[in-house]
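This is what each chain is made of:
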Amino acid sequence: ACREADGFVVGTELDRMLHFESEWRALIARVREQTQAPLTYAANWTDYQRVPFWDALDVIGIQAYFPLTDKTSYSERDIRRGWQLRMAELRTYAEPLNRKILFTELGYNQSHQAPIEPWDYAVGGEDARPIQATCMRIALEAIDAEQSVVGALLWKWFPNPRPIGRNFQMAAPHIQHVIAENWQKQ
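S.K.: Talk me through helix H4 (residues 173-183); I want residue IDs and the actual numbers.
M.R.: Of all the residues in H4, the buried ones are His174, Ile175, Val178, Ile179 and Asn182. Here the buried residues of H4 occupy an arc of 140 degrees about the axis, which is enough to place them on one side. Buried-residue contacts for H4 involve helix H3 (129-145) and strand E5 (149-154).

S.K.: Tell me about the pairing of strand E4 (residues 100-106), and name the residues and values.
M.R.: A large share of E4 lies buried, amounting to six of its seven residues. As judged from the five bridges shared by strand E3 (residues 59-63) and E4, these two strands associate in the parallel manner. Note on E4: the bridge partner recorded for Ile60 is Ile101. Relative to E5, E4 is paired through four bridges, and the arrangement is parallel. Bridge pairing in E5 links Leu102 to Gly151. Each parallel crossover has a hand, and for E4 linked through H3 to E5 it is right-handed.

About the criteria used
- Residues numbered from 1 in each chain as written.
- Predicted model: local features only at pLDDT ≥ 70, side-chain atom pairs only at ≥ 80, totals over all residues.
- Heavy atoms only, no water.
- Buried < 20%, exposed > 50% of the residue type's maximum accessible area, 1.4 Å probe, protein only.
- Helix = DSSP H or I, 4+ residues; strand = E, 2+ residues; numbered from the N terminus.
- Arc of directions from axis to C-beta.
- Contact = heavy atoms within 4.5 Å.
- Pairing = 2+ DSSP bridges.
- Right-handed = clockwise from strand over helix to strand, strands pointing away.

This is how it looks when you write it as structure tokens:
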């Protein structure tokens, strides 16, 4: 049993299975028998509005790979505006459900495409590092400013001795600095 967990995710990105509502509700009830931890489901950003059982969970879980702009020549202002629009959309969705939101994945690849297609695994050159850092900084600032979002789980962070993988390198020093700068304010 996972009685000591801070939270528990009952499923991740199972978008084709969302229509099995009664089965999900039964699963959630069984998990509640095993833990006092808050429960969520990790929905793709494209599908969180299709989840019919948010009322059975404690928090709305979303994989936060929202496109923030469609401009190929974007600015920091465009990225901020993208987060403002997304947060307004999320707040409007969550408030009637009386639920907060947890980003069950949040991360940006080192890529010039990061604000356009944040889910893309293609890694760019060193010149893309500032874009990755800017996207992460603005995302963390947006989370900090939005009361309907309670936090984020960062993607990807591997255990030592190799905490930095091939892509979505959250443990890279330049991203660690951005995370520390934002989260140490708390």
